[in-house]
Amino acid sequence: MVAPDLAAWAPLAARVLGGTPEQVCAAASTESFVGLGGTSLQAIALVSLGQRELRADVDSARLLSALPLARALAGAVDFVDTAPPAAARGPVERELLPGQRSMLAAHLLEQDAPYHLMFTVEADGPLDPARVRWALRRLTTRHEALRTRFVRDPRQARIVLPAPYEPRLLHQVLPADDAVRTVHDLYGRSAARLLRPFAQPPVVFVLTRAGRRDLLTMLVHHTVSDGWSVGVFAREFAECYVGDGPAEAAPSPDWVGTRLAAQETSGALAAALTRVTARLGTAPWSVTLPTDLPPVAEADGRGSRLHFHLDEAAAEATTGLARQCGVTVTSVVLAAWALAVSRRANLDDLVLGVPAAGRFEAGMERLVGLCTRVVPVRCAAADDRTVREFVRGVADALAAAVADADVPFERVVAELGAATDPGRNPLAQLGFAAHHELVPDELVVGDRSWRVHEGHCHGAVFDALLYLQSWSGRPRFALEYATALLTAADAGELVESFQAAAGAGHRPGRGAAKDHHAFGGSARPTAGAGCGRNARHGRRRVAPVRRVHAVLRPADRAGRRAHRADVHLPRPARRRGRAVPPAARPRGARR
């Protein structure tokens, strides 16, 4: 194959980024994809277009790096399609996909609340129940994951039931006042009763009449869906309701397995595993956050969420820093979260678990099913790095991890021998998930508008997981935490520390974990609020925090932003490596 040149890529990049091919060509030699306004999901879109129209495959990590766009695209290689052949129509047993076995094991232990997903689509008026049922029947026929159940004997496997399949649709009437919250409260706690993956496809829909508006709630087990899938379902339901919507069969989740097999055969998977383990190197495999809770032998999978917003000043500071560093907003938010967690755990080096979309090839973006892979992202801060260097380092680590997302998380753990406490996530006990591009807040299809609301089924996958739910003038977040491991007060302190980091410039080495220079309004850094914690439960106390405030007035920001970003302040040495000796870490949480 002759690699396509920039002239061939420019029309595709223009379709993704906006503008004209000529504008892309003019800027591509000096500006990176992110510098031209590209996001991580737009990178996936450009990769997909290149595969489909040019039969060329470009590394998403190169696209999201600081390389000029022309250089990133010049690294494209031949595209190899791994889509599976059409499956038999009968209910044939199929192998489990990566991630499903551990989720089913949690279900058998009645600890799978972390894997119950709930989303509600709120219509702008009444819905016709017959039309709703027709649309759901059409989508269930189109997406085989929505009619997949599992078997235990003689081995665990999945079975796709033949279409047409009648989806489970419940009806109810509720008062109009705060109906979304009422529905989520009702079904969040009953999800375990309704979602029985070994008995029937673990998908339930609830149609609620609430005054003049109707709600359609989807309860689904993570074994057959992920966050990307929810966004696909919401859009396609709206399209089917107002029109015919897509009719052809969507790609099968079997694609995940056939791609994994192809990567294994070609040696690409082994090479990726080598890169992943080399990156993780001597990173700590266990991180313990301070708390007054007594230790537990194993967590129960239960959790709660704390919802909060960033103020406009912090959002402006985050967006500005992303622009200065030439990275995505997601990378800056991840860096701020890593800083907040590092401060509370008193570490300079940690691994965060980050769900990656897992849609590697053209066509997979239409797939509903479990494609998500948790990738380990190492966030390390050297003493001599500035804030910009730290943020760029986190962005590079994230891009590299996502590029190697083909490697199942379990294989990484096995290769490293990363044993951890029973019941806790191995390797990464803390996580970050960006849902703001996956699940839209609002959809407009035809003459109807729809709002999408995320619910919670009272589970927690990680000890603590920060969700970026919406990015706007007041970005919306949710902190999900395991209630056996952290209290609501602990969660509140984590949130406050993150808010301080997100609205501040900081040195990511010794000083970064302890200093904040507020870009847009003061935010009290309280990551060291655990200083006075009772040590009787074996938790390591957090060192006292030396706070430095240099609050800048709005008029000062433009002229002094570069200086603030590169400020260095000396700090006492702090420890590196494992957070707590093994004897002091008998805690648990399920992934």
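See the structure above.
Residues numbered from 1 in each chain as written. Predicted model: local features only at pLDDT ≥ 70, side-chain atom pairs only at ≥ 80, totals over all residues. Heavy atoms only, no water.

A. Here's a closer look at the overall build of the chain. In terms of helices and strands, the chain carries 18 helices and 19 strands. Put simply, the chain has 591 residues, and 59% of those count as buried. Put simply, of all contacts in the chain between residues at least 6 apart along the chain, 78% involve residues at least 24 apart. As presented, the chain carries roughly 22,900 Å² of accessible surface, and 53% of it is formed by carbon and sulfur atoms. (Helix = DSSP H or I, 4+ residues; strand = E, 2+ residues; numbered from the N terminus. Buried < 20%, exposed > 50% of the residue type's maximum accessible area, 1.4 Å probe, protein only. Contact = heavy atoms within 4.5 Å. Areas by Shrake-Rupley, 256 points an atom, 1.4 Å probe, with all protein chains shown as cover.)

B. Geometry of the sheet that holds strand β5 (residues 148-151). The three strands lie next to each other as β3-β6-β5, forming an open sheet whose pairing is antiparallel. If you trace the sheet from one side to the other, it starts and ends with β3 (93-94) and β5, each paired once. (Pairing = 2+ DSSP bridges.)

C. Examining the packing of aromatic side chains more closely. Scanning the entire structure with this criterion turns up nine aromatic pairs. Measuring from centroid to centroid gives 5.8 Å for F237 and W450, while their planes differ by 80 degrees, and the two rings are edge-to-face. Note that F237 is positioned in helix α10 (residues 227-242) and W450 in strand β15 (residues 448-454), a separation of 213 residues in sequence. An identical accessibility class is assigned to F237 and W450; each is buried. Arranged with centres 5.4 Å apart and planes meeting at 10 degrees, the rings of F308 and F477 form a pair that is stacked. With F308 in strand β10 (residues 303-309) and F477 in strand β17 (residues 476-482), this residue pair connects regions lying 169 residues apart in the sequence. The two residues F308 and F477 agree in class, both being buried. Taken together, the ring pairs connect F205, F233, F237, Y241 and W450 into an aromatic cluster. Its end group placed over the ring of F198, R152 keeps NZ or CZ at 5.8 Å from the ring centre. Sitting over the face of the ring of W450, R448 holds its NZ or CZ atom 5.5 Å from the ring centroid. (Phe/Tyr/Trp six-rings, centres within 6.5 Å; stacked < 30°, edge-to-face > 60°. Lys NZ or Arg CZ within 6 Å of the ring centre and 35° of its normal.)

D. Looking closely at the nonpolar core. Judged by nonpolar contacts, the single largest core of 58 residues is most densely connected at W337, V377 and F498. Examining the composition of this core, we find that twelve residues originate from one element, helix α14 (residues 329-345), more than from any other. For F498, the residues in contact, after removing those within four places along its chain, are F308, L310, V333, A336, W337, A340, L466 and F477. Among the nonpolar cores identified, the runner-up in size contains 40 residues, and L139, F150, L169 and F205 belong to it. (Core = buried A, V, L, I, M, F, W, Y, C linked by side-chain atoms within 4.5 Å.)

E. Looking closely at the sheet that holds β10. The strand order β10-β17-β16-β13-β11-β12 describes an open sheet built from six strands, whose pairing is mixed. The two strands at the open ends of the sheet, each matched to only one other strand, are β10 and β12 (373-380). The sheet shows a mean angle of 25 degrees between the axes of neighbouring strands, taken without regard to direction. (Axes fitted to C-alpha atoms, helices over the stretch in contact; angles between N-to-C directions.)

F. Just the pairing of β17, in detail. The element β17 is extensively covered by neighbouring structure, given that six of its seven residues are classed as buried. Of the pairings in the sheet, the one linking β10 to β17 comprises seven bridges and is antiparallel in character. Bridge pairing in β17 links R305 to E480. Of the pairings in the sheet, the one linking strand β16 (residues 464-470) to β17 comprises six bridges and is antiparallel in character.

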